[in-house]
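# Topology and contacts: notes
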Amino acid sequence: MQVASITNVNLKSGSYKPNFEKRYPTRDELITVMPLKAHKLVKRMDQFMEDQWAEIRNAHSGFYDLPYFTLSGKNKEFATIKPVYQGHNKYILLEVTNDKNTERILINRKNPDLFRFERTVDTDYGSATTKSFNSEYQRNEELQERIGKYIEEYFPQILPRPKAVSE
């Protein structure tokens, strides 16, 4: 795939002239990991969590609670959603737990295509990781679709409905 060079400067005259001769990649050609609807939900959740933090800080209670949400899902699943901060990076931790295992998804709030996945199984001595995945270095379409479904199932339960635009 060839991508257009945006600028072309004529060195003799010193004039600037945009060069649009080559084509740009189409939307389908761009590499995306997260489904588009899930991507938008992560962005909305990012803003929602920032709003929740602002409300907690403005309460002036002296104690800062963490915005923490517990939800129920299908097939005896329940999920917890909470913000995680590692240095300057902001993440959303989505944990989906059922009878057999726990799946942890750590989603980058600024770039939802970057996420880490871990499946753990409870043992007599704690837990054991049975599967791990990092979208920055790996691709797994089935897993990426599954994570998108989790986001589309649980995030709308927390997020306020968008206000209708009045004419």
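Summarised in this report is the structure supplied together with it. Since this is a predicted model, take the numbers as computed values, not measurements.

The helix and strand inventory of the protein stands at two helices and eight strands. The order of α-helices and β-strands along the protein, N terminus first, is β-β-α-β-β-β-β-β-β-α. Here the protein, with 167 residues, has 34% of them falling under the buried criterion. Here the analysis covers contacts within the protein between residues at least 6 apart in sequence; of these, 38% occur between residues at least 24 apart. Of the roughly 12,000 Å² of accessible surface on the protein, a fraction of 50% belongs to carbon and sulfur atoms.

What follows is about the packing of helix 1 (residues 36-58) against helix 2 (residues 141-158). One way to put it is that helix 1 packs onto helix 2 with a least axis distance of 9 Å and a crossing angle of 40°. Every pair of crossing elements has a handedness; the one defined by helix 1 and helix 2 is left-handed. The residues of helix 2 that touch helix 1, namely those facing Lys37, Ala38, Leu41, Val42, Met45 and Phe48, are Gly148, Ile151, Glu152, Phe155, Pro156 and Ile158. Residues of the contact of helix 1 with helix 2, tallied by class, amount to nine nonpolar, one polar and two charged.

A few words now on the sheet that holds strand 4 (residues 78-86). Reading across from one edge, 3-4-5-6-7-8 is the order of the six strands in this open sheet, with antiparallel pairing throughout. The sheet terminates laterally at strand 3 (69-72) and strand 8 (126-134), the two strands that pair on one side only. Between one strand axis and the next, the sheet turns by 20° as a mean value, whatever way the strands run. Examined bridge by bridge, strand 6 (residues 101-108) and strand 7 (residues 115-123) share seven bridges and lie antiparallel to one another. Residue pairing in the sheet places Ile105 in a bridge with Phe117 of strand 7.

Moving on, we come to the packing of aromatic side chains. Applying the stated criterion to the full structure yields four aromatic pairs. Positioned over the ring face of Tyr91 is Arg116, at 5.6 Å from the centre of the ring.

Our focus in this paragraph is the pattern of salt bridges. The tally for this structure, following the rule as stated, stands at nine salt bridges. Asp46 is paired through a salt bridge with Arg109; the nearest N and O atoms lie 2.8 Å apart. Of this pair, Asp46 sits in helix 1 while Arg109 sits in the loop between strand 6 and strand 7, placing them 63 residues apart in sequence. You'll find Asp46 and Arg109 in the same group, each marked buried. Two residues, Lys90 and Glu50, come together in a salt bridge whose shortest N-O distance is 3.2 Å. With Lys90 in strand 5 (residues 89-97) and Glu50 in helix 1, this residue pair connects regions lying 40 residues apart in the sequence. Connected through shared salt-bridge partners, Asp46, Glu50, Lys90, Arg109 and Lys110 make up one network.

What follows deals with the nonpolar core. Counting 28 residues, the largest nonpolar core has Ile81, Leu94, Ile151 and Phe155 as the members making the most contacts within it. Breaking this core down by element, the ones donating at least two residues are helix 1, strand 3, strand 4, strand 5, strand 6, strand 7 and helix 2. Considering every element that reaches this core, the biggest residue donor is helix 2, with seven residues. Non-local contacts of Ile81, meaning those with residues more than four positions away in its chain, are made with Met49, Pro67, Tyr68, Phe69, Leu71, Ile92, Leu93, Leu94, Tyr154, Phe155 and Ile158.

Locating Ile56 in the fold gives a position in helix 1. Taking the C-alpha atoms as reference points, Ile56 and Leu66, separated by 10 residues in sequence, lie 8.5 Å from one another.

Next up on the list: the pairing of strand 4. Regular strands show a simple pattern: their side chains alternate between the two faces of the sheet. Bridge analysis of strand 3 against strand 4 gives four bridges, and the strand direction is antiparallel. Bridged to Thr70 within strand 4 is Thr80. Between strand 3 and strand 4, which pair antiparallel one after the other, the connecting turn spans five residues, and Asn75 there sits at a positive phi close to 55°. Both strand 4 and strand 5 contribute to a ladder of nine bridges, which runs antiparallel. Within the sheet, the bridge partner assigned to Ile81 lies in strand 5 and is Leu94.

Scoring rules and cut-offs
- Residues numbered from 1 in each chain as written.
- Predicted model: local features only at pLDDT ≥ 70, side-chain atom pairs only at ≥ 80, totals over all residues.
- Heavy atoms only, no water.
- Helix = DSSP H or I, 4+ residues; strand = E, 2+ residues; numbered from the N terminus.
- Buried < 20%, exposed > 50% of the residue type's maximum accessible area, 1.4 Å probe, protein only.
- Contact = heavy atoms within 4.5 Å.
- Areas by Shrake-Rupley, 256 points an atom, 1.4 Å probe, with all protein chains shown as cover.
- Axes fitted to C-alpha atoms, helices over the stretch in contact; angles between N-to-C directions.
- Left-handed = near helix turned anticlockwise from the far one by under 90°.
- Nonpolar A, V, L, I, M, F, W, Y, C, P; charged D, E, K, R; others polar.
- Pairing = 2+ DSSP bridges.
- Phe/Tyr/Trp six-rings, centres within 6.5 Å; stacked < 30°, edge-to-face > 60°.
- Lys NZ or Arg CZ within 6 Å of the ring centre and 35° of its normal.
- Salt bridge = Lys/Arg side-chain N within 4 Å of Asp/Glu carboxyl O.
- Core = buried A, V, L, I, M, F, W, Y, C linked by side-chain atoms within 4.5 Å.

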